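# Coordinates in review
The residues making up each chain are set out below.
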Amino acid sequence: MDVKPTEGESFDTEFPVVIIGGGACGLTAALTLKGSGTAALILEQDAAPAGSTALSSGFIPAFSTRWQGARGVDDTLELMAGDIQAKAKQLADPAIVELCCNKSAPTLEWLADRHGIPFVLIEGFLYTGQRRARMHAVPERTGAALMARMLAAAEAAEVDILCGAEVTALYADGDGRVRGVGYRRPDGSQERLGCQALVLACNGFGGNAEMVRRYIPEIAAADYFGHGGNRGHAVHWGEGLGAEVRHLGAYQGHASVAVPHGILITWAIMREGGIQVNVSGMRFADESRGYSEHAVDVLRQPSAEVWDIYDARVHEMAMEFEDYRQAEAAGAVKMAADEAALAQSLDLPEENLRAALAQTQGLAEDPFGRDFTDKPALAPPYYAIKVGAALFHTQGGLAIDTAARVLHKSGAPLPNLFAGGGAACGVSGPEVWGYSSGNGLLTAVMLGRVAGESAAALLS
Ligand SMILES: Cc1cc2nc3c(=O)[nH]c(=O)nc-3n(C[C@H](O)[C@H](O)[C@H](O)COP(=O)(O)OP(=O)(O)OC[C@H]3O[C@@H](n4cnc5c(N)ncnc54)[C@H](O)[C@@H]3O)c2cc1C
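To keep things clear, this report deals only with the structure shown in the data block. (Residues numbered from 1 in each chain as written. Predicted model: local features only at pLDDT ≥ 70, side-chain atom pairs only at ≥ 80, totals over all residues. Heavy atoms only, no water.)

Bringing the site of the ligand into the picture now. Around the ligand lies a shell of 42 residues, among which Glu 44, Ser 52, Thr 53, His 233 and Leu 441 are the nearest. Gln 252 is positioned such that a nitrogen or oxygen atom in its side chain is 3.4 Å from a nitrogen atom of the ligand. With the chains in place, 98% of the 1000 Å² that the ligand exposes on its own is no longer accessible. Contributing elements (two or more residues each) for the shell around the ligand: helix H1 (24-35), strand S3 (40-44), helix H2 (51-55), strand S8 (166-172), helix H8 (233-240), strand S17 (382-394) and helix H15 (439-459). Its residues assigned to classes, the shell around the ligand comprises 16 nonpolar, 23 polar and three charged. (Near = heavy atom within 4 Å. Polar contact = N/O pair within 3.5 Å; in protein donor to acceptor, adjacent residues only side chain to side chain. Areas by Shrake-Rupley, 256 points an atom, 1.4 Å probe, with all protein chains shown as cover. Helix = DSSP H or I, 4+ residues; strand = E, 2+ residues; numbered from the N terminus. Nonpolar A, V, L, I, M, F, W, Y, C, P; charged D, E, K, R; others polar.)

Below, the structure is given as structure tokens:
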């Protein structure tokens, strides 16, 4: 994954703008460029674009959208940016947070109106730290459906996508101006393509075990649930060009993936009053903090496996999620009439399990300081799923400005290099606790939009 000098190189052909990666970020950038009449080509290594976007839940946060308006949800920039920064302990770049928030409603409404991608507002629960219902999804509520709809929009708009093109090298001048890329075709042949601007939409380094061990060792033992092809190329190329990389310790972990089914179990279960207990039947942390940082605590438990415990009310709510329905169909969800039956069914010490449930019912002091009074207490019959922790995607990456231009270590933007989504430093601060639900697709879609606009402006 080299950066090579341009000198002496010739390119087989040229496209004004090249985009590396065909996930949510790359497709949004390409649709934007298409709309501005600027020719662009997506280079995607896979046989068909999917990326982590297709594996995700597909929830995108946005404030002041017409879908919120229709449901009477009054949301503001201050609330949304404030929530993101509160989760990140005020350590995310405020200009990028504000940019992504301000772009959120106009971009989703543009995708709906111009490209026929319908959105619905997710209601019924709030993710940790979010004071308003602001998650939007396509009606199917899955990342696979979001990706399918984005690809259909790209096809309708005649976006150029070359699949089976794994970019292996950038060619750049001494001042950091990118002149082209080299890529490998499925038969092993190498081709070169010139460009006047390059957009890095190739996500982060979750699929690179060595980088994960180096930058985020505390989650290295967890399974990676994102796209395996996201191997940190943007960071390597950026470093080769002298770019600043930031917050490589930031990532989205998840504390609730069904074992052994590998199905994401919505954290809404915890938000609605559920708890997690380890194989000793004991709670081990405050579940209300958020699924990302909780993942590290799950990994520290014996066998790194724990149980989600909740009740029929919470089960009914969870049935609204496709993943949860799949888990139920796969036999992951257990039900028990009372505490004794639950302990026996899960093979947990009954005394400890009773003590954990008593904490949720206000009958015993909660050692982790969680407030259980805002939801009805858990009541029999009980439900349970065995879960483990996972790494979903990394949030650190290339530092960018508000035009999505990649910044050199000097602070100046590189001449014609843009980044968004997991390729760029996100809005989650430096560590796992800073991830606010939706930060992944927020920066993929909104920064893809900005990168497309900026690349078009550069060439106009
Ligand atoms: C299980 C799960 C659930 C999630 N749920 C949510 C959610 O609900 N909301 C949210 O905001 N975020 C969620 N995320 C995170 C979200 O999926 C990512 O943040 C987002 O999809 C990133 O988009 P992207 O376009 O940057 O990357 P991707 O969608 O991963 O696309 C990158 C593309 O680049 C290609 N590529 C990489 N390197 C090269 C190369 N050298 N040459 C050519 N192509 C290359 C890859 O093949 C890939 O297709 C979830 C993640 C997971 C794993």
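Let's pick the thread back up.
As a further point, take the pairing of strand S9 (residues 178-184). In regular strands, side chains alternate between the two faces of the sheet. Across the seven residues of S9, five count as buried, placing the element largely inside the fold. By the bridge criterion, six bridges tie S8 to S9 in an arrangement that is antiparallel. Looking at S9, one finds that Leu 170 is bridged to Val 181. Counting the residues that bridge the hairpin from S8 to S9 gives five residues, and of these Gly 176 lies at a positive phi of roughly 90 degrees. (Buried < 20%, exposed > 50% of the residue type's maximum accessible area, 1.4 Å probe, protein only. Pairing = 2+ DSSP bridges.)

At a minimum axis separation of 9 Å, helix H13 (residues 339-346) and helix H14 (residues 350-360) run at an interaxial angle of 125 degrees. Viewed along their axes, H13 and H14 adopt a mutual orientation that is oblique. Like other packed secondary-structure pairs, H13 and H14 cross with a definite hand, here right-handed. Residues Glu 339, Ala 340, Leu 342 and Ala 343 of H13 form the contact with H14, whose own contacting residues are Glu 350, Leu 353, Arg 354 and Leu 357. Among the residues making up the contact of H13 with H14, the classes are represented as five nonpolar, no polar and three charged. (Axes fitted to C-alpha atoms, helices over the stretch in contact; angles between N-to-C directions. Parallel < 35°, antiparallel > 145°, perpendicular 65-115°, else oblique. Left-handed = near helix turned anticlockwise from the far one by under 90°. Contact = heavy atoms within 4.5 Å.)

Below, the discussion takes up H13. Turning to H13, its buried residues number three or more, namely Glu 339, Leu 342, Ala 343 and Leu 346. Looking down the long axis of H13, one finds its buried residues gathered within 95 degrees of arc, a one-sided arrangement. Buried residues in H13 make contact with strand S15 (306-311), strand S16 (334-336), H14 and S17. With a side-chain oxygen lying 3.3 Å from the backbone nitrogen of Ala 340, the N-terminal cap of H13 falls on Asp 338. Trailing H13 by a residue or two, Asp 347 shows a phi angle of about 60 degrees, which is positive. (Arc of directions from axis to C-beta.)

The α-helix winds at 3.6 residues per turn, so residues separated by three or four positions along the chain end up facing the same way. In a regular helix each residue adds 1.5 Å, so 14 residues correspond to 20 Å; helix H6 (residues 143-156) covers 20 Å between its end C-alpha atoms and thus fits that length. Taken together, the buried positions of H6 are occupied by Gly 143, Ala 145, Leu 146, Met 147, Met 150, Ala 153 and Ala 154. Those residues of H6 that are buried are in contact with H1, H2, strand S4 (60-61), helix H5 (94-115) and H15. (Expected span 1.5 Å × (residues − 1).)

We now examine the side chain of Arg 134. Tracing the chain through its elements places Arg 134 in the loop between strand S5 (120-121) and strand S6 (135-137). Exposure remark for Arg 134: the relative accessible area of 2% places this residue in the buried category. Once you skip the residues sitting within four places of it in the chain, Arg 134 turns out to touch Ile 60, Pro 61, Ala 62, Gln 68, Asp 75, Leu 79, Met 80, Asp 83 and Leu 121.

This brings us to empty space enclosed by the protein. This model, assessed by the stated rule, comprises three cavities of 30 Å³ or more. What the largest cavity holds in volume is close to 60 Å³. In this structure, the largest cavity is lined by Lys 87, Tyr 127, Thr 128, Trp 267, Gly 290, Tyr 291, Ser 292, Tyr 435, Ser 436 and Ser 437. Looking at the lining of the largest cavity, its residues break down into four nonpolar, five polar and one charged. One number sums up the size of the second largest cavity: a volume of about 50 Å³. What lines the second largest cavity is simply Ile 122, Phe 125, Leu 126, Tyr 127, Gln 130, Arg 132, Ala 133, Arg 134 and Met 135. Classifying every residue of the lining of the second largest cavity by side-chain character gives six nonpolar, one polar and two charged. (1 Å grid on protein atoms, 1.4 Å probe; cavity = no way out; pocket = protein on both sides within 12 Å on 5 of 7 lines; lining within 4 Å. Points joined across faces, edges and corners; volume = space filled by probe spheres on them.)

Moving on, we come to the environment of Gly 51. Here Gly 51 shows up in helix H2. Judged by its relative accessible area of 14%, Gly 51 is buried. Through-space distance from the C-alpha of Gly 51 to that of Glu 320 is 25 Å; in sequence the pair is 269 residues apart.

Counting through the fold element by element, Ser 292 comes out in helix H10 (residues 291-299). In contact with Ser 292, not counting residues within four places along its chain, are Tyr 251, Gln 252, Gly 253, Val 432 and Tyr 435.

Note that Gln 326 resides in helix H12 (residues 322-329). By relative accessible area, which is 38% here, Gln 326 ends up partly exposed. Along the chain, Gln 326 and Leu 346 lie 20 residues apart, while their C-alpha atoms are 21 Å from each other.

Core analysis: the largest hydrophobic core is formed by 87 residues, its most contacted members being Ile 19, Ile 20, Leu 43, Phe 119, Val 181, Leu 198 and Leu 200. Not counting residues up to four positions away in its chain, the partners in contact with Val 181 are Phe 11, Val 18, Ile 20, Leu 43, Val 167, Ala 169, Leu 170, Tyr 171, Glu 191, Arg 192, Leu 193 and Leu 198. With 63 residues, the next largest nonpolar core counts Phe 125, Ile 216, Ala 258 and Phe 372 among its residues. (Core = buried A, V, L, I, M, F, W, Y, C linked by side-chain atoms within 4.5 Å.)

Function cannot be read off these values alone, since they describe shape.
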